[in-house]
Amino acid sequence: MGARYPNPRLVKIHRNYSVEDIARLFGVHKNTVRSWLKQELAAIDDRRPMLILGRELLRFVQERRRKAKQTCGPGRIFCIACRAPKVPAGKMADCTATGPMAGSLCGICPDCDRLIYRRVNLAKIDAVRGDLEITFTRPCPRLRREGRPLREL
């Protein structure tokens, strides 16, 4: 079974592809490629076998990916299960520092009650915050101290 949005890096721009070649390349059904031809994907001409320029196929796949992208605005975290940016339940989120300049926002999706995460730059947290109430927490301590492992039990 193919991916929802095929990988554009697989396409060679100086090659011509048939419907079967594209189906094999992306792991999709031939009818999927034929429906792409009815949408925006342009063939070289209307003769059989239908051939598609690699450059045109690359443009089509990249355009589909670009249209599918959803940006998370201020105060929103992307929920993978719902496939949409959401404002966390109660407009509350926890921020855990993962490095000196990076952190991870964690909240609860209001629709599916799952944890949702967003990586943030701690220097730009005010731009990401929006109207969220953010609680800053410390990361869990490591099992190693000062470069030495803990004593085995």
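For the structure itself, look to the data block above.
What counts and what doesn't
- Residues numbered from 1 in each chain as written.
- Predicted model: local features only at pLDDT ≥ 70, side-chain atom pairs only at ≥ 80, totals over all residues.
- Heavy atoms only, no water.
- Pairing = 2+ DSSP bridges.
- Helix = DSSP H or I, 4+ residues; strand = E, 2+ residues; numbered from the N terminus.
- Contact = heavy atoms within 4.5 Å.
- Patch = residues over 30% accessible without salt bridge, like charges linked within 9 Å, V, L, I, M, F, W, Y side chains within 5 Å.
- Areas by Shrake-Rupley, 256 points an atom, 1.4 Å probe, with all protein chains shown as cover.
- Salt bridge = Lys/Arg side-chain N within 4 Å of Asp/Glu carboxyl O.

1. Details of the pairing of strand 5 (residues 92-97)
Piece 1. Both strand 5 and strand 8 (residues 133-137) contribute to a ladder of five bridges, which runs parallel. Paired with T96 across the bridge in strand 8 is T137.
Piece 2. Sheet topology note: the strand 5/strand 6 (residues 102-108) ladder contains four bridges and is antiparallel. Among the inter-strand pairings, A97 is bridged to a residue of strand 6, identified as G103.
Piece 3. Counting the residues between successive antiparallel strands, the hairpin from strand 5 to strand 6 contains four residues.

2. Section: the environment of G75
Piece 1. Tracing the chain through its elements places G75 in the loop between helix 3 (54-68) and strand 3 (77-79).
Piece 2. In the structure, G75 is positioned 51 residues away from D126 in sequence and 9.7 Å away in space, judged by C-alpha atoms.
Piece 3. In this structure G75 touches K86, V87, P88, V128, R129, G130 and L132, once residues within four positions along its chain are discounted.

3. Topic: a nonpolar patch on the surface
Piece 1. A contiguous nonpolar patch, built from I44, L51 and L53 and spanning about 230 Å² of accessible area, is present on the exposed surface.
Piece 2. Residue placement: L53 occurs in strand 2 (residues 51-53).

4. As for the environment of A81
Piece 1. Here A81 shows up in the loop between strand 3 and strand 4 (84-86).
Piece 2. Separated by 62 residues in sequence, A81 and V19 place their C-alpha atoms 32 Å apart.
Piece 3. Beyond its immediate stretch of four places on either side in the chain, A81 contacts C112 and R114.

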